[in-house]
Amino acid sequence: MPAALVNVPPKAKRGAVIEIKTLMSHVMEPGYRHTAAGEVVPRDIITSFTCRFNGAEIFRADLYPAIAANPFLSFFTTASESGKFEFEWIGDNGFVATASAAITVE
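First things first, this report covers the structure right here in the doc. (Residues numbered from 1 in each chain as written. Predicted model: local features only at pLDDT ≥ 70, side-chain atom pairs only at ≥ 80, totals over all residues. Heavy atoms only, no water.)

1. Let's talk about the side chain of glutamate 29
Phase 1: By the element assignment, glutamate 29 lies in the loop between strand 3 (17–24) and strand 4 (46–53).
Phase 2: Residue classification places glutamate 29 among the buried residues on the basis of a relative accessible area of 11%. (Helix = DSSP H or I, 4+ residues; strand = E, 2+ residues; numbered from the N terminus. Buried < 20%, exposed > 50% of the residue type's maximum accessible area, 1.4 Å probe, protein only.)

2. Concerning the sheet that holds strand 6 (residues 72–78)
Phase 1: The strand order across the open sheet formed by three strands is 1-3-6, and the pairing between neighbours is antiparallel. Two strands bound the open sheet, and with one partner strand each, they are strand 1 (4–7) and strand 6. Pairs of neighbouring strands in the sheet enclose a mean axial angle of 15°, with direction left out of account.
Phase 2: Sheet topology note: the strand 1/strand 3 ladder contains four bridges and is antiparallel. Across the sheet, the residue bridging to leucine 5 is leucine 23, located in strand 3. (Pairing = 2+ DSSP bridges. Axes fitted to C-alpha atoms, helices over the stretch in contact; angles between N-to-C directions.)

Structure representation (structure tokens):
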């Protein structure tokens, strides 16, 4: 079962720039390796990451086979109002994982 870790400050001052960090537990098999028998190990990667704040998309990343296992993403945004961050990872073989975190803006 995949495990997502997200780090969002619980509180921030209005207008402050905040850093958001995410880490997704995933093997990220690129599909380029072969077994000892010479068979290709099938690709199994996370292909996209999206962050929404109060329903509006604020960050998106497309991921490719060169991304390491357990992808870590960090980005910045401005704290404008209290609300909820929603994170979504989508990948091969029907992989979908979500997480959320709330922030209070003072």
